[in-house]
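Read off the chains here:
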Amino acid sequence: MYFKHALYLTLALTLGACATPPPPEGMPPSDRSFQPFWAKRVTGYISADDGTELRYSVLLPKGEGRFPVLIRYSGYDSGSIGGSAYLEDNETFSVAMDKDLVERGYAVMGVQARGTGCSQGTFDFLGREYGTDGRNAVEFAATQQWSNGSVGMFGWSWAGMSQLMTASERPQGLKAIAPGMILGDAYTDSWSQGGVPNQEFTTTWHWFVDQRWEAVKASAKSEGDQRCLAQVAENQGKVGKTSLMYQMLRHPQHDEWMKQRAPRDRADQVQVPVLSMQAWQDEAVLAREGFYQERLDPQRLWMVQSSGGHNLYESERFRQKLYAFLDHFVKGIGNGFERTPHLEIWQETVADQREGRHQPNETARPGWTIERHQYPLPVKPVSFALSEDGELIENGQGTGKPDAYLYPIPGPDVNTYLKDHAWGWQHPLWRQGSVAYTSAAFERDFLSYGSASADIWLSTFLAPDTDVQVTITEVRPDDKEVFVQRGWLRMSNRALDQGKSTELRPVQLNEPDALQPMQPNVPALGRVEIPPFSHPFRKGSKLRIWIDAPSRTGGYGFAYYALQSRNSVFHDAQHPSRLVLGELTGVTVPEDLPECNSVLKQPCRHDPLSSWPPF
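Only a predicted model underlies this, so the values are computations on that prediction, with no experimental measurement involved.

1. Quick look at the packing of aromatic side chains
Then, number 1: One pass over the full model with this rule turns up 37 aromatic pairs.
Then, number 2: Here W488 and F558 contribute two aromatic rings whose centre-to-centre distance is 4.8 Å and whose plane-to-plane angle is 40°, an arrangement assigned as tilted. One end of the pair, W488, is in strand β21 (residues 480-490); the other, F558, is in the loop between β23 (542-548) and β24 (565-570), and 70 residues separate them in sequence. Each of the two residues, W488 as well as F558, counts as buried.
Then, number 3: Above the ring of F461, the side-chain terminus of R566 is found at 4.7 Å from the ring centroid.
Then, number 4: Over the ring of W423 we find R605; its NZ or CZ atom is 4.0 Å from the centre of that ring.

And the structure:
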């Protein structure tokens, strides 16, 4: 029997290697360009506390006098805004958004992080200097002759992380921040999901960073800026010694270096108003964000949550809220923003245009919304028991013998850079390499919200470890299966911080001394954290979970534990495996299902377990 399984696995891994996609070819080409929309551009360098000089570029609006300043601070190409590459839309972020803000009377200032682009220093992603350098930049901006002393920060991704770290330093002049889609705790949010190393993302990300520095060089060449060109070349030559690829190999465990890369640990030091943007199916940072929002003063926090991806910050619908927030807290306009709901949840977000580099995000809008005056929201935990015959029983008890699957056969790809908003490649031996559990059709509308926990009793055959991927889907009455969310766990990393864990959110200790190997054929409980999401399961739809080996999800590619095994999922009275979701009650869900594949980052496919063929 074991020899038969070994043959299956050898074939499986061979097929898997053949199906590995090529690396992405770059950012989608731009379909727009810009003429200068500012009255004056000012460039120069800011001196950090240790004398390191950081490149900045400011776009000043038309008119006389001094202006409120908005800073976008990152290590991509922010210090070169206004250059020739920028005008050709060869820019990480949104030139259109900058244009809106300049035309609204803001001075838009880009600041380049140390050791990146044409800034001096050593690249140290999310190192302590990232916050103190940000403080220097804010205080510099507040005292310039073109500034009225009122400074805000905006942007997403790396330019969002910078805001949290800067604001925690409490610089003079900072009035508000608006971070979107950040890593609040880089280790648990991205680099090691549940203890499973995510090395493909950091490699691809560094390739992307280098492309952004090429844009910096293009602008510098057109301006004859030899100092900048020399600094970019120096930074490109030395970044390998401090790159994230190097650091992840050097720091595979949650050691002190890793723990320092957690901006959320200083979120309680932030004293200015915050507008947070979060996307449930974010392909770059997922939706955890270290749960930094829970550490902020809830009276100073406004938040938008949505289905969708990493660049949803570009949405014109979101921009209206962003501009009103900045106008109130940075400009000091009495527009009543402080009385608006503190939480806005976009449900079933769609895009009016799905083609183009910016348009899918710019035209994104919610199918419907929920507004509340508090965050976090209280929910009701609802348990679904795994049981025999692939059943998932609401508030029930599982029965039957364990279900076995071959490991490691990765699950299907979803929302990858090569095939976005779609289910991707699925292993030909997926039936042998996965198990699925499906509920009965709901007799009511069930609206999930927040984190979830898949509590799985699992055994391995002669393997000291194994990696688990849990995928939540909706099976619609029309035999379509919709992707909802995913979570991961390395079983040796299953030890929990009992003081922080809840029924809906397991919190692993993530300490080297807490690692627990699997014993042969001995079931162990692994609680898989499912990152936050919200999804309406309408009356007549079914809830399903898949259990298999990690697969590509968004930009994430996992170095899963490679030793072959046969894993078994237990679901009897002594080993009650279950999925626990948070139910948001008191909400009326629209009756009609959205058109299949219309909801951003939640692709449909024909139900692979259906007896009815898709043709």
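From this point, the discussion proceeds with the structure in view.
2. With respect to the state of the cysteines
Then, number 1: In this structure the tally under the stated criterion is one disulfide.
Then, number 2: Note on cysteine connectivity: C596 is disulfide-linked to C604, with sulfurs 2.1 Å apart. What sets the handedness of the C596 and C604 disulfide is the S-S torsion sign, and at about -125° it is left-handed.
Then, number 3: The exposure class of C604 is buried, given its relative accessible area of 12%.

3. Some points on unusual backbone geometry
Then, number 1: Cis peptide bonds are those with omega within 30 degrees of zero, and the linkage from Y375 to P376 qualifies with 0°.
Then, number 2: Topologically, P376 is positioned in the loop between β14 (368-372) and β15 (380-387).
Then, number 3: The omega torsion across Y407 and P408 is 0°, close enough to zero to call that bond cis.
Then, number 4: Within the fold, P408 resides in the loop between β17 (403-407) and β18 (435-439).
Then, number 5: Notably, L126 is not glycine yet its phi reads approximately 60°, a positive angle.
Then, number 6: Its place among the elements puts L126 in the loop between β4 (107-112) and α4 (128-142).
Then, number 7: Exposure remark for L126: the relative accessible area of 2% places this residue in the buried category.
Then, number 8: Phi angles above zero are rare outside glycine, and L286 is one such case at about 55°.
Then, number 9: Examined against the element boundaries, L286 turns out to sit in the loop between β9 (274-279) and β10 (301-306).

4. Considering the UniProt feature "domain: Xaa-Pro dipeptidyl-peptidase C-terminal" (unreviewed entry) in the chain
Then, number 1: Mapped onto this structure's residue numbering, the UniProt feature "domain: Xaa-Pro dipeptidyl-peptidase C-terminal" (unreviewed entry) falls at residues 323-580.
Then, number 2: Between the first and last C-alpha atoms of residues 323-580 the distance is 38 Å; the span itself is 5% helix and 39% strand.

5. As for the confidence of the model for the chain
Then, number 1: Within the chain, residue pLDDT values average 94, and 95% of them lie at 70 or more.
Then, number 2: When the criterion is pLDDT under 50, residues 1-25 qualifies, and its contacts beyond four places in sequence or with other chains add up to 35 contacts.

6. Focus on the pattern of salt bridges
Then, number 1: A complete count under the given rule lists 50 salt bridges for this structure.
Then, number 2: We note a salt bridge from E344 to K321, for which the minimum N-O separation is 3.1 Å. Of the two residues, E344 is situated in strand β11 (residues 343-347) and K321 in helix α11 (residues 316-331); the sequence distance between them amounts to 23 residues. Accessibility classification places E344 together with K321 in one group, the buried group.

7. Some thoughts on the packing of α4 against helix α5 (residues 158-167)
Then, number 1: Contact pair α4 / α5: the axes reach a minimum separation of 8 Å and the direction vectors enclose 85°. Considering the angle they form, α4 stands roughly perpendicular to α5. Each of Y130, G131, G134, R135 and V138 in α4 lies in contact with α5, whose residues at this interface are W158, M161, S162, M165 and T166.
Then, number 2: When grouped by side-chain class, the residues that make up the contact of α4 with α5 number five nonpolar, four polar and one charged.

8. So, the nonpolar core
Then, number 1: Among the nonpolar cores identified, the biggest contains 153 residues, and I71, M109, F125, Y313, I472 and I547 are the most heavily contacted of them.
Then, number 2: Taken domain by domain, this core gets at least three of its residues from each of domain 1 (40-274 + 286-294) and domain 2 (380-606).
Then, number 3: Setting aside residues no more than four positions away along its own chain, F125 makes contact with W158, M161, L183, W191, W205, L244 and R261.

9. Let's talk about the domain arrangement of the chain
Then, number 1: Partitioning the chain into domains gives domain 1 (40-274 + 286-294) and domain 2 (380-606).
Then, number 2: Taking the mean C-alpha position of each, domain 1 and domain 2 sit 35 Å from one another.
Then, number 3: Contacts between domain 1 and domain 2 engage 22 residues on the former and 23 residues on the latter.
Then, number 4: Both sides together, the interface formed by domain 1 and domain 2 hides about 2,000 Å², and carbon and sulfur atoms give 55% of it.
Then, number 5: In this structure, the connection of domain 1 to domain 2 is made through four salt bridges.

How each quantity is defined
- Residues numbered from 1 in each chain as written.
- Predicted model: local features only at pLDDT ≥ 70, side-chain atom pairs only at ≥ 80, totals over all residues.
- Heavy atoms only, no water.
- Phe/Tyr/Trp six-rings, centres within 6.5 Å; stacked < 30°, edge-to-face > 60°.
- Helix = DSSP H or I, 4+ residues; strand = E, 2+ residues; numbered from the N terminus.
- Buried < 20%, exposed > 50% of the residue type's maximum accessible area, 1.4 Å probe, protein only.
- Lys NZ or Arg CZ within 6 Å of the ring centre and 35° of its normal.
- Disulfide = S-S within 2.5 Å.
- UniProt positions renumbered as here; feature names shortened; annotations may be inferred.
- pLDDT = per-residue confidence, 0-100.
- Contact = heavy atoms within 4.5 Å.
- Salt bridge = Lys/Arg side-chain N within 4 Å of Asp/Glu carboxyl O.
- Axes fitted to C-alpha atoms, helices over the stretch in contact; angles between N-to-C directions.
- Parallel < 35°, antiparallel > 145°, perpendicular 65-115°, else oblique.
- Nonpolar A, V, L, I, M, F, W, Y, C, P; charged D, E, K, R; others polar.
- Core = buried A, V, L, I, M, F, W, Y, C linked by side-chain atoms within 4.5 Å.
- Domains from an automatic or database assignment.
- Buried area = accessible area lost by both parts, 1.4 Å probe.

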